[in-house]
Amino acid sequence: MDTTQVFANNQKWIAEKLAIDETYFSDLSKGQSPEFLYIGCSDSRVTAEEMMGAKPGEFFVHRNIANMVPNNDLSAMSVIHYAVSHLKVNHIVVCGHYYCGGVKAAMQSADLGILNPWLRNIRDVYRIHRHELDKIEEEESRYKRLVELNVQEQCLNVIKTADVQKAYIERNLQVHGWVFDVHSGKLIDLKIDFPKLLGQIMEIYRLQ
Ligand code: CO
């Protein structure tokens, strides 16, 4: 696709929206009150809204390499704060995906420059779950499991924030861990036991 095509597509999209609802864009401009915060990977194959059939206004979205939530990342932390405390979302989703280049890179011995500190967070996930991962002999299965465990650890990082703990107490905010399977297109719920995880986390990370 070239940039000319992008602007042509945009005109077509506007016409399609207005044909169905002539106040579509004026309604959108009034504001947003999404129910979900979605934290996913920047991977071009894993579109947030399209795979979930979501419309503009429904998902507040944050994407970075390998759907990470590092506690010192100003961008991720600002997104969580704004979504939880101002937009009042009731669900936070961390969505990883199989065949994630970021996770794969973290499984290999290579100096990737500025990516090193970012991917180190995934190496930490490997270290925490080394006992389980090292038992998986087949590399692709180990890689897939690391994708899932990384989602789980990033959910923990979400729960460690004061905003999320406060919103859980006040309005029962929920945190979900999902994985998108690029090979089948399927969205998989890892069924992370949020109350149990929160209980464990709160023993050490309670801020409220
Ligand atoms: Co990825």
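1. Regarding the domain arrangement of the chain
Each assigned domain of the chain is listed with its residue range as follows: domain 1 (1-30) and domain 2 (32-205). A separation of 31 Å is found between the C-alpha centroids of domain 1 and domain 2.

2. Brief notes about the sheet that holds strand β2 (residues 59-64)
Spatially, the five strands line up as an open sheet ordered β2-β1-β3-β4-β5, and their pairing is mixed. Bordering the open sheet on either side are β2 and β5 (186-189), each of which pairs with just one other strand. Sheet twist, expressed as the average angle between the axes of neighbouring strands with direction ignored, equals 25 degrees. For strand β3 (residues 91-97) and strand β4 (residues 174-181), the ladder comprises seven bridges, and the chain directions are parallel.

3. Some thoughts on the nonpolar core
With 45 residues, the main nonpolar core has L37, I92 and V158 as its most contacted residues. With nine residues, the top contributor of residues to this core is helix α8 (residues 139-159). What V158 contacts, discounting residues up to four positions off in sequence, is I39, V69, I80, I92, V94, V164 and V175. Grouped together as the second largest cluster of nonpolar side chains are nine residues, V46, A48, V93 and W178 included.

4. Observations regarding the layout of surface pockets
By volume, the largest pocket amounts to about 300 Å³. Elements supplying a minimum of two residues to the lining of the largest pocket: α6 (115-128) and α8. Among the elements that make up the lining of the largest pocket, the one with the highest residue count is α6 (five residues). When grouped by side-chain class, the residues that make up the lining of the largest pocket number six nonpolar, five polar and four charged.

5. Examining empty space enclosed by the protein
Under the counting rule described, the total for this entry stands at one cavity of 30 Å³ or more. Lining of the largest cavity is provided by A66, N67, G96, H97, C100, V103, V147, N150 and V151. Breaking the lining of the largest cavity down by element, the ones donating at least two residues are β3 and α8. Counting residues per element, the lining of the largest cavity draws most heavily on α8, which supplies three residues. By residue class, the composition of the lining of the largest cavity is five nonpolar, four polar and no charged.

6. Some points on a nonpolar patch on the surface
A cluster of nonpolar side chains, contributed by M1, V6 and F7, occupies part of the molecular surface with about 400 Å² of accessible area. With relative accessibility at 59%, the residue F7 sits in the exposed group.

How each quantity is defined
- Residues numbered from 1 in each chain as written.
- Predicted model: local features only at pLDDT ≥ 70, side-chain atom pairs only at ≥ 80, totals over all residues.
- Heavy atoms only, no water.
- Domains from an automatic or database assignment.
- Pairing = 2+ DSSP bridges.
- Helix = DSSP H or I, 4+ residues; strand = E, 2+ residues; numbered from the N terminus.
- Axes fitted to C-alpha atoms, helices over the stretch in contact; angles between N-to-C directions.
- Core = buried A, V, L, I, M, F, W, Y, C linked by side-chain atoms within 4.5 Å.
- Buried < 20%, exposed > 50% of the residue type's maximum accessible area, 1.4 Å probe, protein only.
- Contact = heavy atoms within 4.5 Å.
- 1 Å grid on protein atoms, 1.4 Å probe; cavity = no way out; pocket = protein on both sides within 12 Å on 5 of 7 lines; lining within 4 Å.
- Points joined across faces, edges and corners; volume = space filled by probe spheres on them.
- Nonpolar A, V, L, I, M, F, W, Y, C, P; charged D, E, K, R; others polar.
- Patch = residues over 30% accessible without salt bridge, like charges linked within 9 Å, V, L, I, M, F, W, Y side chains within 5 Å.
- Areas by Shrake-Rupley, 256 points an atom, 1.4 Å probe, with all protein chains shown as cover.
- Salt bridge = Lys/Arg side-chain N within 4 Å of Asp/Glu carboxyl O.

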